[in-house]
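Structural features, examined
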Amino acid sequence: QCVIGGKEHGTDLQVDHIQSWADYVNLRFSVDNCRTLCMNCHYLITFGKTKPKNIKTWGYNFGRRVIQ
């Protein structure tokens, strides 16, 4: 479930680092520094704007995702 949008945003979930991955090296692998966001909320938090409709997916690991 997306912690910002709630249950209605529960698809395409991604992990978001609360404190930035780049700036807080010691918190990179801390579960307490992570939250679950849907792709739309994650995009909004990361870039400060609504995800454009032409972007269907995004994220660092998306290209490596294994689909079964």
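Anything mentioned here points back to the structure above.
Residues numbered from 1 in each chain as written. Predicted model: local features only at pLDDT ≥ 70, side-chain atom pairs only at ≥ 80, totals over all residues. Heavy atoms only, no water.

Notes on the overall build of the protein chain
We apply this condition: A run of DSSP states H or I qualifies as a helix once it reaches four residues; a run of E qualifies as a strand once it reaches two. Both are numbered from the N-terminal end. Between buried and exposed lies partly exposed: a residue is buried under 20% and exposed over 50% of the maximum accessible area for its type, with that area taken using a 1.4 Å probe on protein chains only. When checking whether two residues touch, look at their non-hydrogen atoms; a contact exists if any pair is within 4.5 Å.
Helix and strand counts for the protein chain come out as 1 helix and 2 strands. The linear arrangement of helices and strands in the protein chain, starting from the amino end, is β-β-α. Within the protein chain, the proportion of its 68 residues that are buried is 21%. Put simply, of all contacts in the protein chain between residues at least 6 apart along the chain, 38% involve residues at least 24 apart.

Comments concerning the packing of aromatic side chains
Our working rule: Stacked, tilted and edge-to-face are the three classes applied to pairs of Phe, Tyr and Trp rings, where Trp contributes its six-membered ring and a pair requires centres within 6.5 Å; stacked means planes under 30 degrees apart, edge-to-face means over 60, and tilted covers the rest.
The full count for this structure, using the stated rule, is 2 aromatic pairs. Relative to Phe 29, the ring of Trp 21 lies with its centre 5.5 Å away and its plane at 80°, an arrangement referred to as edge-to-face. By relative accessible area, which is 39% here, Trp 21 ends up partly exposed. Owing to a relative accessible area of 74%, Phe 29 belongs among the exposed residues under this scheme. Ring geometry for Tyr 43 against Phe 47: centres 4.6 Å apart, planes inclined by 50°, an arrangement best described as tilted. In this pair, Tyr 43 and Phe 47 both sit in helix 1 (residues 39-47), 4 residues apart, roughly one turn of the helix. A relative accessible area of 45% places Phe 47 in the partly exposed class.

Here's the deal with the pattern of salt bridges
The line we're drawing: Note on definitions: salt bridges are taken to be side-chain nitrogens of Lys or Arg within 4 Å of carboxyl oxygens of Asp or Glu.
All chains considered together, the criterion is met by 1 salt bridge. Notably, a salt bridge pairs Arg 35 with Asp 16, separated by 2.7 Å at the nearest N-O pair. In this pair, Arg 35 sits in strand 2 (residues 34-38) while Asp 16 sits in strand 1 (residues 13-17), placing the two residues 19 residues apart along the sequence. On the accessibility criterion, Asp 16 (6% relative accessible area) is buried.

Some points on the side chain of Gln 14
Put simply, the rule is: We define a polar contact as two N or O atoms separated by no more than 3.5 Å, with the added condition that, inside protein, one atom must be a possible hydrogen donor and the other a possible acceptor, whereas residues neighbouring each other in sequence contribute only through side-chain atom pairs.
Secondary-structure assignment places Gln 14 in strand 1. Within the structure, Gln 14 has its side chain in polar contact with the side chain of His 42 (distance 2.6 Å). If we skip the residues at most four places from it in the chain, Gln 14 touches Arg 35, Thr 36, Leu 37, Met 39, His 42 and Trp 58.

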